[in-house]
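# Results of the structural survey
Listed here are the chains, written in short residue letters.
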Amino acid sequence: MIILGIETTCDETGLALIEFKNSRFRILNHKLRSQNNIHSVYGGIVPILAAREHKKNLPILYQQLIREINFSEEKIDFLAFSNGPGLPPSLISGKEFVIDLANKLNVNIIPINHLIAHFYSVLINKNKLNIWQKIKTISLPAIGLLISGGHTLLVYFESLDKIKKIGETIDDAIGESLDKSARILGLEYPGGPKLEKLAKKGRPIFNLPYPLMATKNFNFSFSGLKTAFWELVEEIKRYKKLDEVTKADLAASYQKTAFEILLIKTKMADEKYKPKSLIISGGVAANYYLRKMFIKYFGKNKIIFPVKSLATDNGIKIAFSGYFFKDESILPANLEVHPNLKI
Ligand code: KG4
Ligand code: ZN
């Protein structure tokens, strides 16, 4: 069976062709076009520009995807499409392309929840284990922590298809907060990876607040942290120039505080639910400092991270998730997008 996965929920245009045979899978080809250079000048994603780019790039990338490997498109069995949550204009651009292609190829569409696909990305292993064997390596029940540009949530996995949300951010997502604090330091969008690089050279010497830590629930808040950071930077600027050393110390302090907030709430969830494993996914899970911090506390056998290159948005995780949801495929005419889709 061959599934074409398509990702257009935000600002990455991702396509991937995956073949599934005898419970194993093979990525035949994939394409990912980032729009960072377009949005970086605005300091964040401009939804209407993101949609325009998806519309322009989808047919180009699709042609490259199949031509590069001399693939005949009639072999595609399903289109897996991430239909939410995401930016409405981006989702609509993707939807139009997917419906046209599904009609042309006469195949059904598998709608994929982008959040679930982030979690399932940890199953995409490099050493090509049998999919079901890989699943068995994840001990259940598990706690899932999704940390991305649009989402910060904790979930409880009774099984891989029985997922319950136990906490989420009440304001900014962690990735959004890293992007905003990076911008305060003059770094371009997306700031998360740039802040990580700068933080490596600094020391976490500045104290910042830990919002919502006294509450017993598993919700997060990052907007107060970002405001406190902005005030701190403004105060420093009043009496001295923001030199590279101070910037690096500020980056290290922000990153450490933001990740400790994630760690504290995850520890609380671990104490209450006593899971056997911890699945951490989403763009921010690409961060090496965060990985080290969580592994130090939970031990490396309990935590499952995606391969670093698959932590951020891509078409591979959508095609891969399609395999698990193929029984829920629909006719192209029935496809809807859900900008606020939940778990
Ligand atoms: O999962 P993702 O690609 O998109 C959403 O679903 O939102 O996550 C994007 C987010 C951005 O906020 C980006 O700054 C952050 O992930 N990110 C990182 C790193 N790489 C990407 N944050 C911290 N460290 C990184 N290395
Ligand atoms: Zn994502």
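Residues numbered from 1 in each chain as written. Chains lettered and ligands numbered in written order. Predicted model: local features only at pLDDT ≥ 70, side-chain atom pairs only at ≥ 80, totals over all residues. Heavy atoms only, no water.

## Focus: the side chain of Ser 121
Inspection of the secondary structure assignment puts Ser 121 in the loop between helix 4 (114-120) and helix 5 (131-136). There is a polar contact of 2.5 Å between the side chain of Ser 121 and the backbone oxygen of His 118. What Ser 121 contacts, discounting residues up to four positions off in sequence, is Ser 281, Pro 306, Leu 310 and Lys 317. (Helix = DSSP H or I, 4+ residues; strand = E, 2+ residues; numbered from the N terminus. Polar contact = N/O pair within 3.5 Å; in protein donor to acceptor, adjacent residues only side chain to side chain. Contact = heavy atoms within 4.5 Å.)

## Details of the layout of surface pockets
Of the voids in this model, the second largest pocket is the one considered here, and its volume is about 220 Å³. Around the second largest pocket, the lining comprises 15 residues; the ones closest to its centre are Pro 111, Asn 113, Ile 116, Phe 325 and Glu 328. When contributions to the lining of the second largest pocket are tallied by element, the ones reaching two or more residues are strand 5 (108-113) and helix 4. Broken down by element, the residue count for the lining of the second largest pocket peaks at three residues, all from strand 5. (1 Å grid on protein atoms, 1.4 Å probe; cavity = no way out; pocket = protein on both sides within 12 Å on 5 of 7 lines; lining within 4 Å. Points joined across faces, edges and corners; volume = space filled by probe spheres on them.)

## Side note on the side chain of Ser 321
Relative to the elements of secondary structure, Ser 321 occurs in helix 11 (residues 316-324). Note on Ser 321: relative accessible area 0%, which makes it buried. When neighbours within four sequence positions are excluded, Ser 321 is seen to be in contact with Ile 112, Ala 117 and Tyr 120. (Buried < 20%, exposed > 50% of the residue type's maximum accessible area, 1.4 Å probe, protein only.)

## A word on the pairing of strand 9 (residues 277-281)
For a regular strand, side-chain orientation follows a simple rule: the groups alternate between the two sheet faces. Counting buried positions along strand 9 yields five of five residues, so the element is predominantly enclosed. Along strand 9, one buried face is formed by Ser 277, Ile 279 and Ser 281 and the opposite face, lined by Leu 278 and Ile 280, is buried too. For strand 9 and strand 10 (residues 303-304), the ladder comprises two bridges, and the chain directions are parallel. Within the sheet, the bridge partner assigned to Ile 279 lies in strand 10 and is Ile 304. A crossover links strand 9 with its parallel partner strand 10, the connecting element being helix 10 (residues 288-298), and its sense is right-handed. (Pairing = 2+ DSSP bridges. Right-handed = clockwise from strand over helix to strand, strands pointing away.)

## Some words on the site of ligand 1
Residues in close proximity to ligand 1 total 20 residues, the closest being Gly 149, Asp 179, Glu 196, Asn 287 and Asp 313. Gly 192 has a polar backbone atom sitting 3.1 Å from an oxygen atom of ligand 1. Here ligand 1 loses 91% of its free accessible area of 550 Å² to cover by the protein chains. Where the shell around ligand 1 is concerned, the elements lending two or more residues are helix 4, helix 6 (174-184) and helix 7 (191-199). Residue composition of the shell around ligand 1, grouped by class: six nonpolar, eleven polar and three charged. Counting only domains with at least three residues in the shell around ligand 1, you end up with domain 1 (2-127 + 313-334) and domain 2 (142-306). (Near = heavy atom within 4 Å. Areas by Shrake-Rupley, 256 points an atom, 1.4 Å probe, with all protein chains shown as cover. Nonpolar A, V, L, I, M, F, W, Y, C, P; charged D, E, K, R; others polar. Domains from an automatic or database assignment.)

## Overview of the pattern of salt bridges
By the definition in use, this model includes 17 salt bridges. In this structure, the salt-bridge partner of Lys 56 is Glu 53, at a minimum N-O distance of 3.3 Å. Of this pair, Lys 56 and Glu 53 are both found in helix 2 (residues 47-67), three residues apart, which corresponds to roughly one turn of the helix. Judged by relative accessible area, Lys 56 falls into the partly exposed class, the value being 47%. Residues joined by salt bridges that share partners form a network here, namely Asp 172, Glu 176, Lys 180 and Lys 226. (Salt bridge = Lys/Arg side-chain N within 4 Å of Asp/Glu carboxyl O.)

## Some details on the domain arrangement of the protein
For the protein, the domain assignment lists domain 1 (2-127 + 313-334) and domain 2 (142-306). Measuring from the centre of the C-alpha atoms in domain 1 to the corresponding centre in domain 2 gives 28 Å. Taken together, the contact pairs 17 residues of domain 1 with 23 residues of domain 2. Interface of domain 1 and domain 2: buried area, both sides summed, is about 1500 Å²; carbon and sulfur atoms make up 74% of it. If you look at where domain 1 meets domain 2, you find three residue pairs in polar contact (both at pLDDT 80 or more). For the side of domain 1 that touches domain 2, the secondary-structure elements that each account for two or more residues are helix 1 (36-39) and helix 4. The element best represented in the side of domain 1 that touches domain 2 is helix 4, accounting for five residues. Class assignment for the residues of the side of domain 1 that touches domain 2 results in nine nonpolar, seven polar and one charged. (Buried area = accessible area lost by both parts, 1.4 Å probe.)

## Re the sheet that holds strand 9
Strand order in this open sheet of five strands is 8-7-6-9-10, and the pairing throughout is mixed. Each edge of the open sheet is held by one strand with a lone partner, namely strand 8 (162-168) and strand 10. Relative to strand 8, strand 7 (residues 152-159) runs antiparallel, the two sharing six bridges. By the bridge assignment for strand 8, Leu 154 is matched with Gly 167. Packing of helix 9 (residues 244-273) onto the sheet brings it into contact with strand 6 (142-147), strand 7, strand 8 and strand 9, and relative to strand 7 it is tilted by some 25 degrees. Packing of helix 10 onto the sheet brings it into contact with strand 6, strand 9 and strand 10, and relative to strand 9 it is tilted by some 175 degrees. (Axes fitted to C-alpha atoms, helices over the stretch in contact; angles between N-to-C directions.)

## Focus: the coordination of the zinc ion (ligand 2)
Looking at the metal site, the zinc ion (ligand 2) is ligated by His 114 (NE2), His 118 (NE2) and Asp 313 (OD), spaced 2.0 to 2.1 Å from it. For the zinc ion (ligand 2), the four donor atoms in the first shell make angles of 98 to 129 degrees at the metal, a pattern classed as tetrahedral. Of note, the donors binding the zinc ion (ligand 2) are all from one chain and are spaced H-x3-H-x194-D. Here His 118 and His 114 lie together in helix 4, a separation of four residues that amounts to about one turn. Accessibility classification places His 114 together with His 118 in one group, the buried group. (Donors = N, O, S within 2.8 Å, 3.2 Å for Na, K, Ca; no water. Tetrahedral: all angles 85-135°; square planar, octahedral: opposite > 155°, others 65-115°.)

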